[in-house]
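Descriptive analysis of the structure
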Amino acid sequence: MMLNHDQEWGLHLLRESRAQHVIGIDEVGLGACAGPLVVCGAVFPCEWADPAVKDSKAYTGGGQKAHDKRTEVRKNHIDPVVLHQELEVIPNKDIDALGMGDALADAMYRIALRCTFAFPDSAVVIDGVNKMVLRRARVVVAIPKGDVLVPAVSAASVIAKTTRDAMMIMSEALYPNYGFEQHMGYPTPDHLKALDEHGPCRIHRRSYKAVSMAIAARRARGLPE
């Protein structure tokens with residue numbers, strides 16, 4: 001892929017850091033309108049790479065099939081080599097109360113603090129553009145599409161994704177009208193249709209446009225939320 005300036009500079013800083021360990025940080029669930037946001041920090045030797053470990057979005061098949069692929073990769077290629085990992089699960093109510101931006105930034109910072117406490121003087125690589133200052137880190141780098149470019153971030157995305165998808169699959173039994181095990185809480189046409197028919201359940205993010213519009217439409221028809 002063609003790299004932009006931020007990506008080239010971020011990878012340059014990572015190489016020049018000469019750190020022994022790299023901490024990859026990524027999130028999943030940002031675009032979903034139901035369920036939690038899950039953020040992961042994962043620590044690996046700086047030279048570690050495995051072609052089987054890709055950005056979590058690269059595993060195709062949808063729903064349970066893609067989840068099974070990621071779970072197998074995590075079991076066989078990530079769990080045996082990861083040195084340390086931290087997870088934060090941010091429920092939909094906290095997202096509604098705090099706003100996604102603050103909720104995500106706070107979770108990433110807490111994870112980075114815990115990872116750098118366990119492995120000080122590491123290079124911290126964050127997927128995206130979030131920037132933070134960490135006294136224990138050798139360098140902190142924000143790389144857009146870091147989950148494609150840095151193996152530790154790819155692994156963090158897989159850990160976060162398998163964790164979140166397992167939670168959404170379990171939610172299917174609690175809220176069977178929405179098809180969570182297929183779309184994992186993202187606003188697909190089937191999910192939007194279920195929202196219109198049944199209204200939001202307890203794990204929907206009411207601050208999200210798709211959910212608030214469904215609530216408004218049901219109110220206009222004299223239906224309960």
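Notes on the structure in this doc start here. Remember, predicted model here, so these are calculated numbers, not experimental data.

**Some points on the sheet that holds strand β5 (residues 139-143)**
- On the basis of which strands lie adjacent, the open sheet formed by 5 strands has the order β3-β2-β1-β4-β5 and mixed pairing. Each edge of the open sheet is held by one strand with a lone partner, namely β3 (84-90) and β5. In this sheet, adjacent strand axes meet at a mean angle of 15 degrees when their direction is disregarded.
- Bridging between strand β4 (residues 123-127) and β5 involves 5 bridges; their strand directions are parallel. Bridged to Ile126 within β5 is Ala142.
- Sheet contacts for helix α4 (residues 100-118): β1 (21-28), β2 (37-45), β3 and β4; angle to β3, the most-contacted strand, approximately 160 degrees.

**Concerning the nonpolar core**
- Judged by nonpolar contacts, the single largest core of 28 residues is most densely connected at Ala42, Phe44, Ile78, Val125 and Val150.
- Going through the elements one at a time, α1 (5-17), β1, β2, α2 (63-78), β4, β5 and α6 (151-174) are the ones with two or more residues in this core.
- Residue contributions to this core peak at 7 residues, all from α6.
- Among residues more than four places away in sequence, those in contact with Val125 are Leu14, Val22, Ile23, Gly24, Ile25, Val141, Ile143, Val150 and Val153.

**Things to note about the pattern of salt bridges**
- With the rule as written, the count across this model stands at 10 salt bridges.
- Within the structure, one salt-bridge network assembled from shared partners comprises Glu86, Glu88, Arg110 and Arg114.

**Some thoughts on the environment of Arg205**
- Tracing the backbone through its elements, the reader meets Arg205 in the loop between α8 (189-198) and α9 (209-220).
- The class for Arg205 is buried, based on a relative accessible area of 0%.
- On a C-alpha basis, the gap between Arg205 and Lys93 in space is 7.0 Å, while along the polypeptide they are 112 residues apart.

**Quick word on the packing of aromatic side chains**
- Considering all chains together, one arrives at 2 aromatic pairs under this definition.
- Pairing Phe44 with Trp48 gives two aromatic rings, centres 4.2 Å apart and planes at 15 degrees, and the pair type is stacked. Summarising the burial analysis for this pair, Phe44 and Trp48 share the class buried.
- Here Tyr178 and Phe180 contribute two aromatic rings whose centre-to-centre distance is 5.5 Å and whose plane-to-plane angle is 20 degrees, an arrangement assigned as stacked. Here Tyr178 and Phe180 have matching classes, each one buried.
- Taking NZ or CZ as reference, Lys54 lies 4.9 Å from the ring centre of Tyr59, over its face.
- The aromatic ring of Tyr208 is capped on one face by Arg205, whose charged end is 5.2 Å from the ring centroid.

**Considerations on the environment of Ser207**
- In this structure, Ser207 sits in the loop between α8 and α9.
- Classification of Ser207 as partly exposed rests on a relative accessible area of 45%.
- Separated by 174 residues in the primary sequence, Ser207 and Cys33 have C-alpha atoms spaced 8.7 Å apart.
- With residues near it in sequence (within four places) discarded, Ser207 still touches Ile95 and Asp96.
- There is a polar contact of 2.5 Å between the side chain of Ser207 and the side chain of Asp96.

Analysis parameters
Here, residues in each chain are numbered from 1, in the same order as that chain's written sequence. Local features in a predicted model are, by the rule used here, given only for residues with pLDDT of at least 70; side-chain atom pairs are given and counted only at 80 or more, and totals for whole chains, interfaces and linings are based on all residues. Hydrogens and water molecules were not included; the side-chain quantities draw on all heavy atoms of the structure. At least two bridges found by DSSP between two strands are what make those strands a pair. Secondary structure is summarised from DSSP: a helix means a run of H or I of at least four residues, a strand means a run of E of at least two, and numbering begins at the N terminus for each. Here an axis means a line fitted to C-alpha atoms, over the contact stretch when the element is a helix, while the angle between two N-to-C directions is reported on a 0 to 180 degree scale. Note on contacts: a residue pair is in contact if any heavy atoms of the two residues lie within 4.5 Å. Among buried residues, those of type Ala, Val, Leu, Ile, Met, Phe, Trp, Tyr and Cys that are joined through side-chain atoms within 4.5 Å constitute a nonpolar core. Residue burial is assigned from relative accessible area. The probe radius is 1.4 Å, only protein chains are included, and a residue is buried under 20% of its type maximum, exposed over 50%, and partly exposed in between. Note on definitions: salt bridges are taken to be side-chain nitrogens of Lys or Arg within 4 Å of carboxyl oxygens of Asp or Glu. To pair, rings of Phe, Tyr and Trp, with the six-membered ring standing in for Trp, must have centres within 6.5 Å; the planes then decide the type, stacked if under 30 degrees apart, edge-to-face if over 60, and tilted in the middle. For a Lys NZ or an Arg CZ to count as sitting over a ring, it must be within 6 Å of the ring centre and within 35 degrees of the ring normal. A 3.5 Å cut-off defines polar contacts: any pair of N or O atoms within that distance qualifies, except that in protein one atom must be a possible hydrogen donor and the other a possible acceptor, and neighbouring residues in sequence count only when both atoms are side-chain atoms.

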